[in-house]
Amino acid sequence: MNALVTCSDITIRFDTETVLQHFSCTIPEGSHTIFKGASGSGKSTLLKLLLGFVTPTEGSLQYADGQTARQMRSHIAWLPQDLDLGDGSVEELMYRPFEFAANQLKTPSAETRLSVLKKLGLSEDTYRKQFRDLSTGQRQRVGLAICHLLNKPLLLLDEPTSALDKASKDRAIDLLLAHTNKTIISTSHDPYWVKQGDNIILLD
Ligand SMILES: Nc1ncnc2c1ncn2[C@@H]1O[C@H](COP(=O)(O)OP(=O)(O)OP(=O)(O)O)[C@@H](O)[C@H]1O
């Protein structure tokens, strides 16, 4: 498989803290790559590097087609940890990402949005609720539903199963991982999710 992204000898330093040092990796196109490591090892920072939100102190990051991380953003669906979509109902907030010009043509119907939520085990009642009133696991599933509906070639998922029970994890795996030709890069401590990866990168 061709490399979608290559990290070469990357060091990331915040003030006096060195989060990553001389870190290199290759992420094949079409892989499910998982960054696995202890809390504080730099997993979320790596996803932010891939999004261009963090700049390496040393080293370089290259996407296959010569695009910068910032240019790649329109091809990426990102699920951050502790997703907070702000005020509004799930119904309203699921529209928001489709207001951006790059996503407008993909705007899903209410029927499609509901059907994806149901595939993740959420009900119509959840769809009508205020996002801020949802449990952490329900929020996480709304985020996964949005990532799925955005239908981007690259998914970045930060601890996507941290608040999910086994049945919800299985639904997320069926929706996002089964029969896909996308590249998925996730971070996880969860052995059940890590089993789904085909390129596991351990961080010290
Ligand atoms: N913008 C920032 N400024 C200063 N320090 C930061 C910044 N972002 C991350 N860090 C530090 O970098 C280290 C790694 O953070 P990161 O969130 O990448 O870890 P993680 O492996 O994802 O952890 P967890 O599994 O707990 O989510 C932490 O010590 C964190 O405090």
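Quick notes on the rules
- Residues numbered from 1 in each chain as written.
- Predicted model: local features only at pLDDT ≥ 70, side-chain atom pairs only at ≥ 80, totals over all residues.
- Helix = DSSP H or I, 4+ residues; strand = E, 2+ residues; numbered from the N terminus.
- Rg over C-alpha atoms; globule rule 2.2 N^0.38 Å.
- Buried ≥ 20, exposed ≤ 12 C-beta atoms within 10 Å, placed from the backbone.
- Contact = placed C-beta atoms within 7 Å.
- Axes fitted to C-alpha atoms, helices over the stretch in contact; angles between N-to-C directions.
- Parallel < 35°, antiparallel > 145°, perpendicular 65-115°, else oblique.
- Left-handed = near helix turned anticlockwise from the far one by under 90°.
- Nonpolar A, V, L, I, M, F, W, Y, C, P; charged D, E, K, R; others polar.
- Arc of directions from axis to C-beta.
- Near = placed C-beta within 6 Å.
- Pairing = 2+ DSSP bridges.

Q: For this particular structure, what's the right way to read the overall build of the protein chain?
A: On a plain count of helices and strands, the protein chain comes out with eight helices and eight strands. Expected size for 204 residues packed as a compact globule is a radius of gyration near 17 Å; at 17 Å, the protein chain falls within 12% of this value. Seen through its C-alpha atoms, the protein chain measures out along the principal axes to roughly 50 × 35 × 35 Å. Burial status across the protein chain gives 33% buried among its 204 residues. In the protein chain, the share of contacts with a sequence separation of at least 24, taken over all contacts with a separation of at least 6, comes to 72%.

Q: In this structure, what is going on with the packing of helix H4 (residues 110-119) against helix H6 (residues 136-150)? I would like to understand it.
A: How two helices pack is summed up by the angle between their axes together with the distance between the axes. Packing of H4 against H6 leaves a shortest axis separation of 9 Å and a crossing angle of 125°. Between H4 and H6, the angle is such that the two are oblique. When you trace H4 past H6, the crossing you get is right-handed. Within the contact between the two elements, H4 uses Arg113, Val116 and Leu117 and H6 uses Ala145, His148 and Leu149. Broken down by class, the residue content of the contact of H4 with H6 amounts to four nonpolar, one polar and one charged.

Q: For this particular structure, what's the right way to read helix H1 (residues 43-51)?
A: Residue pairs spaced three or four apart in an α-helix point in one direction, given the helix's 3.6 residues per turn. When H1 is considered as a whole, its buried residues turn out to be Lys43, Leu46, Leu47, Leu49 and Leu50. One face of H1 carries all of its buried residues, which in axial projection span an arc of 155°.

Q: Is there a simple way to explain the site of the ligand in this structure?
A: Neighbouring the ligand are Phe14, Glu17, Val19, Gly37, Ser39, Gly40, Ser41, Gly42, Lys43, Ser44, Thr45 and Gln81. The dominant element in the shell around the ligand, judged by the number of residues it contributes, is H1, at three residues. Classifying every residue of the shell around the ligand by side-chain character gives two nonpolar, eight polar and two charged.

Q: Would you mind going over the sheet that holds strand E8 (residues 199-202) with me for this structure?
A: What links the strands of a sheet is backbone hydrogen bonding, and the strands pair in either a parallel or an antiparallel sense. Strand order across the open sheet formed by five strands is E5-E6-E7-E3-E8, with parallel pairing between neighbours. With partners counted over all chains shown, the strands left at the sheet margins are strand E5 (76-79) and E8, one partner each. Averaged over all neighbouring strand pairs, the angle between strand axes comes to 15°, with direction disregarded. Both E5 and strand E6 (residues 154-158) contribute to a ladder of four bridges, which runs parallel. Bridging across to E6, Ile76 finds its partner in Leu154.

Q: What's the story with H4 in this structure? I'm lost.
A: Buried within H4 are the following residues: Arg113, Leu114, Val116 and Leu117. Down the axis of H4, the smallest arc covering the buried residues is 160°, so these residues share one side. In H4, the exposed residues that point more than 90 degrees away from the buried face are Glu111, Thr112 and Ser115. If you follow the buried residues of H4, they end up packed against helix H5 (124-128) and H6. Trailing H4 by a residue or two, Gly121 shows a phi angle of about 85°, which is positive.

Q: How should the packing of H6 against helix H7 (residues 166-177) be read in this particular structure?
A: Axis separation between H6 and H7 bottoms out at 11 Å; the angle between their running directions is 10°. Classified by the angle between their axes, H6 and H7 sit roughly parallel to one another. Touching Gly137, Arg141, Leu144 and His148 of H6 are Ser168, Ala172, Leu175 and Leu176, all from H7. Taken together, the residues of the contact of H6 with H7 break down into four nonpolar, three polar and one charged.

Q: Even after reading the chapter, I still don't get the sheet that holds strand E2 (residues 17-28), so can you show me in this structure?
A: If you trace the three strands from one edge of the open sheet to the other, you get E2-E1-E4, paired in antiparallel fashion. Unpaired on one side and paired on the other, E2 and strand E4 (58-63) mark the two borders of the sheet. The sheet shows a mean angle of 15° between the axes of neighbouring strands, direction not considered. Sheet topology note: the strand E1 (residues 3-14)/E2 ladder contains eight bridges and is antiparallel. From the neighbouring strand, Thr6 faces E2, where its bridge partner is Thr26. Packing against the sheet, H1 makes contact with E1, E2 and E4, and its axis sits at approximately 120° to E1.

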